[in-house]
Amino acid sequence: MATNSTVDQAKGRVKEAVGALTDDDKLRNEGKVDQFAGKAKDAASNLVDKAKDAAGKAKDAASNLVDKAKNAVEDLGRKRD
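Read on for an overview of the structure.

Rules of the game
- Residues numbered from 1 in each chain as written.
- Predicted model: local features only at pLDDT ≥ 70, side-chain atom pairs only at ≥ 80, totals over all residues.
- Heavy atoms only, no water.
- Helix = DSSP H or I, 4+ residues; strand = E, 2+ residues; numbered from the N terminus.
- Buried < 20%, exposed > 50% of the residue type's maximum accessible area, 1.4 Å probe, protein only.
- Polar contact = N/O pair within 3.5 Å; in protein donor to acceptor, adjacent residues only side chain to side chain.
- Salt bridge = Lys/Arg side-chain N within 4 Å of Asp/Glu carboxyl O.

1. Some details on the side chain of aspartate 34
Phase 1 of the analysis: Locating aspartate 34 in the fold gives a position in helix α2 (residues 25-80).
Phase 2 of the analysis: In this structure aspartate 34 comes out as buried when scored by relative accessible area, which is 14%.
Phase 3 of the analysis: Of the polar contacts made by the side chain of aspartate 34, one reaches the side chain of lysine 15; its length is 3.0 Å.

Laid out in structure tokens, this is it:
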């Protein structure tokens, strides 16, 4: 299934081509804008995915750090006994 960004890019290519064939600068420019919008949506989607991945890695790292701290406290408690 095509994504909105892919549809925007394809629609833009068609508009740009038709604009070029009919010498319609407005349609040609609309096509370029649609293509740019599609590419921008792709870039934004990729950025969101990378941010989610980074957040997940940060959460995992924090969880590991908490576990290590708990283990260290338990070890200190055992040494005191």
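2. Description of the pattern of salt bridges
Phase 1 of the analysis: Considering all chains together, one arrives at seven salt bridges under this definition.
Phase 2 of the analysis: A salt bridge links arginine 78 to glutamate 74; the shortest N-O distance between them is 3.6 Å. Of this pair, arginine 78 and glutamate 74 both sit in helix α2, four residues apart, roughly one helical turn.
Phase 3 of the analysis: Accessibility expressed as a relative area gives 55% for arginine 78, which makes it exposed.
Phase 4 of the analysis: Arginine 78 is the salt-bridge partner of aspartate 75, the closest N and O atoms lying 2.7 Å from each other. Within this pair, aspartate 75 and its partner arginine 78 are both found in helix α2, separated by three residues, close to a single helical turn.

3. Overview of unusual backbone geometry
Phase 1 of the analysis: For aspartate 23, which is not glycine, the phi dihedral falls at a positive 55 degrees.
Phase 2 of the analysis: Position of aspartate 23 relative to the elements: it lies in the loop between α1 (4-22) and α2.

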